[in-house]
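Given next are the chains, with one letter for each unit.
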Amino acid sequence: MTATAPSVDQIVNGVPQHRRLVTTVPGPRSLELLGRREATVARGVSVMLPAFIERAGGAVLVDVDGNHLIDLGSGIAVTGVGHGARRVVAAVAEQAASFTHTCFMINPYEGYVAVAEALARLTPGDHEKRSVLLSSGAEGIENAVKIARSYTRRSAVVVFEHGYHGRTNLTMALTAKDMPYKHGFGPFAPEVYRAPLSYPFRDGLTGEQAVARAIEAIEEQVDVDDVAAIVIEPIQGEGGFIVPAPGFLSGLAAWARANGVVFVADEVQTGFARTGAMFASEHEGVVPDLIVTAKGIAGGMPLSAVTGRAEIMDAPHVGGLGGTYGGNPVACAAALATIATIEEDGLVDRAAALGATITARLRAVQEQQPAIGDLRGRGAMIAVELVRPGTTDPDPLAAVAVARACHEQGVVVLTCGTYGNVLRLLPPFVIGEELLADALDVLSAALLALGRP
Ligand SMILES: *Cc1c(COP(=O)(O)O)cnc(C)c1O
């Protein structure tokens, strides 16, 4: 631990914050469980690293063989406040002991209202807002589209290349990539139109040029007067952590406003401090009409929300929105504790600082490794795009090789990208400097080994 590092607990939730391997990864007990899994769990549910987890604290996962793994994925950007976060664990236990469910539409409770109040306070814009709470990101997106259609009395939805919005029927239609998300699962919901994104590493366009190209593509495909909503991730998550050129998001938002189109920001992955701002829309000064949140909102409990302008949110009739579990009281308690942790522990700034540390380390690796085509992201959401040296041709096998090398060494990194050639880092914000440095040593060595015999 360096003298300047923030104070980080060395034991969190009973788990020491270090990497320690006592067997190969996965070890024998995990392999036994994997055998049981294969006999009973549908194969469509993939597994990236079959080390079964028994306990977790901070940024460390402990598997059933006793290996301590460093978590640079946060369960896909969910446990930003860390595993076993003190306030979250206490709030969940307390709420579970009081009551676990009533259905908010049958008998309401304060936690749901308090989460809606927090969302109104934290999301961009100081207009009057309303929220509906749901259980998954896909359900949030589905509801945002329902609400936008109800408000505009229009049906078309515009989405973007490389976009990912979920796995339900409508959200599969909104998602760009066929394999594995959509393949063989059609027919998909109609009235979905796809526009080109801004992808600076691959298109070299300015934000203004990319906006012009996107608007032209939209207006070619659909009558603007039929468009209910634009749905876009401010930074594409599954698509490869693509940060659009400056001016792209704000240009689209301006086009939407001018045409009576509801601008929906899918901040399911980017929200709640992940990018070094509470919401990624803030980096571009964009105030979405509706913002969809999930993943990082509740420290691992299933919760999602649609938050937005009161007049849009209140368009659907009474009884038109809801769901049995939406805004479950235990999930709401977890969300309030997660938000308190982010605010009281300064985790927005911490996420920004993590991004600076990670980027500086990997920039030095990039100078020695021509397979790193692009290093990008914001805050604690950083991606390494791997290419064949000297070209921009995607190299998915290199991404797999680096991820596997990290996994074998006990560092959990994820891959993503339309071409499967992007390594993504989504560490918990509470990761200590020493632990992060250890993980980055492993990752750097794996990256430098690319192309070596
Ligand atoms: C994960 C994700 C979703 C879907 O969320 P689920 O909770 O898996 O349904 C939607 N949009 C984005 C940007 C995501 O990252």
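Residues numbered from 1 in each chain as written. Predicted model: local features only at pLDDT ≥ 70, side-chain atom pairs only at ≥ 80, totals over all residues. Heavy atoms only, no water.

A closer look at the overall build of the chain
Point 1. In terms of regular secondary structure, the chain is built from 14 helices and 17 strands.
Point 2. Taken over C-alpha atoms, the radius of gyration comes to 22 Å for the chain, in line with the 22 Å a tight globule of 453 residues would show.
Point 3. Based on the C-alpha atoms only, the size of the chain along its principal axes is roughly 60 × 60 × 50 Å.
Point 4. A buried classification covers 55% of the 453 residues belonging to the chain.
Point 5. Considering only intrachain contacts with a sequence separation of at least 6, the fraction spanning at least 24 residues in the chain is 73%.
Point 6. In the form shown here, the chain has an accessible surface area of approximately 18,600 Å², with 54% of it arising from carbon and sulfur atoms.
Point 7. Side chains of the chain carry 35 positive and 48 negative charges; the gap between the two charge centres is 4 Å. (Helix = DSSP H or I, 4+ residues; strand = E, 2+ residues; numbered from the N terminus. Rg over C-alpha atoms; globule rule 2.2 N^0.38 Å. Buried < 20%, exposed > 50% of the residue type's maximum accessible area, 1.4 Å probe, protein only. Contact = heavy atoms within 4.5 Å. Areas by Shrake-Rupley, 256 points an atom, 1.4 Å probe, with all protein chains shown as cover. Lys, Arg positive; Asp, Glu negative; His and termini not counted. Charge placed at Lys NZ, Arg CZ, Asp CG, Glu CD.)

Thoughts on helix α9 (residues 248-258)
Point 1. All of the buried residues along α9 are Phe248, Leu249, Leu252, Ala253, Trp255 and Ala256. Down the axis of α9, the buried side of the element spans an arc of 160 degrees, and every buried residue falls inside it. For α9, exposure combined with an orientation more than 90 degrees from the buried face picks out Arg257 and Ala258.
Point 2. Structurally, α9 contributes buried residues whose contacts are with β7 (156-160), α8 (207-221), β9 (227-232) and β10 (262-266).
Point 3. In the segment just after α9, Gly260 is the residue with positive phi, at about 70 degrees. (Arc of directions from axis to C-beta.)

Some points on the nonpolar core
Point 1. Grouped together as the largest cluster of nonpolar side chains are 91 residues, with contacts concentrated most on Leu386 and Leu447.
Point 2. If one sorts the elements of this core by residue count, helix α14 (residues 433-448) sits on top with 9 residues.
Point 3. Both of domain 1 (11-81 + 346-448) and domain 2 (88-344) provide at least three residues apiece to this core.
Point 4. Among residues more than four places away in sequence, those in contact with Leu386 are Ala371, Ile372, Asp393, Pro394, Asp395, Ala398, Ala399, Val402, Asn421, Leu423, Leu447 and Leu450. (Core = buried A, V, L, I, M, F, W, Y, C linked by side-chain atoms within 4.5 Å. Domains from an automatic or database assignment.)

Regarding the domain arrangement of the chain
Size of an interface, as often reported, equals the accessible area lost when the parts are brought together.
Point 1. Under the domain assignment, the chain is made up of domain 1 (11-81 + 346-448) and domain 2 (88-344).
Point 2. For domain 1 and domain 2, the distance between their C-alpha centroids amounts to 26 Å.
Point 3. Across the boundary between the two partners, domain 1 contributes 38 residues, which contact 34 residues of domain 2.
Point 4. Roughly 2,900 Å² of surface becomes buried between domain 1 and domain 2 when both sides are summed, with 62% attributable to carbon and sulfur atoms. (Buried area = accessible area lost by both parts, 1.4 Å probe.)

Regarding the pattern of salt bridges
Point 1. Scanning the model with the defined rule gives 16 salt bridges in all.
Point 2. Notably, a salt bridge pairs Arg202 with Glu385, separated by 2.6 Å at the nearest N-O pair. With Arg202 in helix α7 (residues 200-203) and Glu385 in strand β14 (residues 381-386), the pair connects residues that are 183 residues apart, well separated along the chain.
Point 3. The partly exposed category is assigned to Arg202, whose relative accessible area is 26%.
Point 4. Close ionic contact of Asp289 with Arg309 constitutes a salt bridge, the shortest N to O distance being 2.8 Å. Here Arg309 lies in strand β12 (residues 304-309) and Asp289 lies in the loop between β10 and β11 (290-293), a separation of 20 residues in the sequence. (Salt bridge = Lys/Arg side-chain N within 4 Å of Asp/Glu carboxyl O.)

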